[in-house]
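Results of the structural survey
Chain by chain, the residues run as shown.
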Amino acid sequence: MASGDFCSPGEGMEILQQVCSKQLPPCNLSEEDLLQNPHFSKLLLSLSQYMDESGLSLSLAKEQAQAWKEVRLHKTTWLRSEILQRVIQELLVDCYVKTQDTNLTPEDKKFHGTLEQRLLVTELTQLLGPSQEREMPPLLGLEKADLLELMPPSEDFVGMRARLPLEVEEQLKKKCFSLLCYHDPSSGSDSETLKAAKVWKLAEVLVGDRQQCQDAKSQQKEQMMLLEKKSATYSQVLLRCLTLLQRLLQEHRLKTQSELDRINAQYLEIKCSAMILKLRMEELKILSDTYTAEKVEVHRLIRDRLEGAICLQEQDMEESRQVLNTYEVLGEEFDRLVKEYTKLKQATENKRWALQEFSKAYR
């Protein structure tokens, strides 16, 4: 590592490959994370000396490996007993099937009867368990001694015991041949000697196939880890690109916004002018459709006459205004004469009306 608490970019990538990819459980870290957190990179280097790929300490991993070894040993022992018991049970089932189809020889009947009786007594004895460990009364009041009385005769047991390995061997050989044909269907037509030779090597072949499967799983796991790291890296790069693109878009928009606004204003202005001209055109079209040439000529004559009458009225109004202005110069004396004239005019009209009425009455 470089001087101080920091690491160079090259050392950060080396730590990332050695520690995060091999010595520690999968972790989604990038070289930039290690460069920004140098103390964390030192912590990873320290932890890598005491941990394995699964995240366990080295001592605990060793104990776990030893425990798994013992478990596999006990499992192998149990499987041997379980296989032997199942083979014996299949022998008994085959015997029952053969009994339905063909007649068995007395030796076969004695063998299968002794085997079944011995197996049943043994299973019941195991169910009872040791007498000193029982706290409850035995099942159905039976003791181990009671079950031992049901054992087959010793002569039959000796004969069954001598024949049983051969029967078990024959049954296991059939199963091995079946397994061989399942693994390699082309072996079905081979001779028994060739099948036996292939079965002898079948364990090594299966171990090799299993190892290939485990290697393929390991490679798949590594590929998945690499894919996750690449996905995380690509996601970060994509986010950076999107951020940069957004910033460039904002800057470009700020530069062109004024020009865009000016163009939009010109467009709206031209569009408004076009709308006004269109409205004026519609108005003129309506007027042209409403008023014909004859109507327009008549309206023009009417307008000329009205304008002539208005001119005459304006002239009369102007003359009256001049006369009034002349009378207004006379002042209050003129007002008194106007009032007196008005009274005399009213009196004259009254007398004229009375004279007319008198003349009507006289006639």
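Cut-offs applied
- Residues numbered from 1 in each chain as written.
- Predicted model: local features only at pLDDT ≥ 70, side-chain atom pairs only at ≥ 80, totals over all residues.
- Heavy atoms only, no water.
- Helix = DSSP H or I, 4+ residues; strand = E, 2+ residues; numbered from the N terminus.
- Buried < 20%, exposed > 50% of the residue type's maximum accessible area, 1.4 Å probe, protein only.
- Contact = heavy atoms within 4.5 Å.
- Core = buried A, V, L, I, M, F, W, Y, C linked by side-chain atoms within 4.5 Å.
- pLDDT = per-residue confidence, 0-100.
- Patch = residues over 30% accessible without salt bridge, like charges linked within 9 Å, V, L, I, M, F, W, Y side chains within 5 Å.
- Areas by Shrake-Rupley, 256 points an atom, 1.4 Å probe, with all protein chains shown as cover.
- Salt bridge = Lys/Arg side-chain N within 4 Å of Asp/Glu carboxyl O.
- Lys, Arg positive; Asp, Glu negative; His and termini not counted.
- Charge placed at Lys NZ, Arg CZ, Asp CG, Glu CD.
- Expected span 1.5 Å × (residues − 1).
- Bend = angle between axes of the 7 residues up to and from the residue.
- Axes fitted to C-alpha atoms, helices over the stretch in contact; angles between N-to-C directions.
- Parallel < 35°, antiparallel > 145°, perpendicular 65-115°, else oblique.
- Nonpolar A, V, L, I, M, F, W, Y, C, P; charged D, E, K, R; others polar.
- Polar contact = N/O pair within 3.5 Å; in protein donor to acceptor, adjacent residues only side chain to side chain.
- Left-handed = near helix turned anticlockwise from the far one by under 90°.

Our next topic: the overall build of the protein. The secondary structure content of the protein amounts to ten helices and zero strands. Helices and strands appear in the protein in the N-to-C order α-α-α-α-α-α-α-α-α-α. Taken over 363 residues, the protein has a buried fraction of 12%. Put simply, of all contacts in the protein between residues at least 6 apart along the chain, 54% involve residues at least 24 apart.

Counting residues in each nonpolar core, the largest one holds ten residues, listed as V87, I88, L91, L92, F111, L115, L119, M160, L164 and V168. It is helix α4 (residues 58–101) that provides the largest number of residues to this core, a total of four residues.

What follows covers the confidence of the model for the protein. Confidence in the prediction of the protein, expressed as mean pLDDT, is 78, and 82% of residues score 70 or more. Within the protein, helix α8 (residues 192–290) carries the highest mean pLDDT (86), whereas helix α1 (residues 9–23) carries the lowest (53). Confidence drops under pLDDT 50 across residues 1–6; counting only partners more than four residues distant or on other chains, this segment forms 14 contacts.

Turning our attention to a positive patch on the surface. Together, K69, R72, K75, R210 and K217 line one region of the surface with positive charge. Considering every element that reaches the positive patch, the biggest residue donor is α4, with three residues. Mapped onto the elements, K75 comes out in helix α4.

Okay, helix α7 (residues 154–183) next. With 30 residues, α7 should cover 44 Å at 1.5 Å per step; its first-to-last C-alpha distance of 43 Å lies within 8% of that length. Considering bend angle alone, the principal kink of α7 is centred on R163 and spans about 30°; proline P165 follows within four residues of it. Taken as a whole, α7 has its buried residues at M160, L164, V168, Q171, F177 and L180.

Okay, the packing of helix α5 (residues 106–128) against α7 next. At a closest axis distance of 9 Å, the pairing of α5 and α7 adopts a crossing angle of 95°. It follows that α5 is roughly perpendicular to α7 by the angle criterion. Along the contact surface, α5 presents E107, D108, K110, F111, T114, L115 and R118, while α7 presents D156, F157, M160, R163, L164 and E167. Class assignment of the residues belonging to the contact of α5 with α7 gives a composition of five nonpolar, one polar and seven charged.

This next bit is on the side chain of T114. Tracing the chain through its elements places T114 in helix α5. For T114, the side chain forms a polar contact with the main-chain oxygen of K110, separated by 2.7 Å. Not counting residues up to four positions away in its chain, the partners in contact with T114 are P152, D156, F157 and M160.

Between α7 and α8, whose axes approach to 9 Å, the crossing angle comes to 65°. You can see that α7 and α8 cross each other, and the crossing is left-handed. Here K173, C176, F177, L179, L180 and H183 of α7 come into contact with α8, specifically with E192, K195, A196, K198, V199, L202, V205, L206 and D209.

Further remarks concern the pattern of salt bridges. Taken as a whole and assessed by the stated rule, the structure comprises eight salt bridges. Note that E82 and R86 form a salt bridge whose closest N and O atoms lie 2.9 Å from each other. Highlighted residues: E82 and R86, both in helix α4, separated by four residues, approximately one helical turn. Here E259 ties to R262 by a salt bridge, and the two come within 2.3 Å at their closest N and O atoms. Remark: R262 and E259 occur in helix α8; sequence separation between them is three residues, near one turn of the helix. On the basis of relative accessibility, which here comes to 38%, the residue E259 falls in the partly exposed class.

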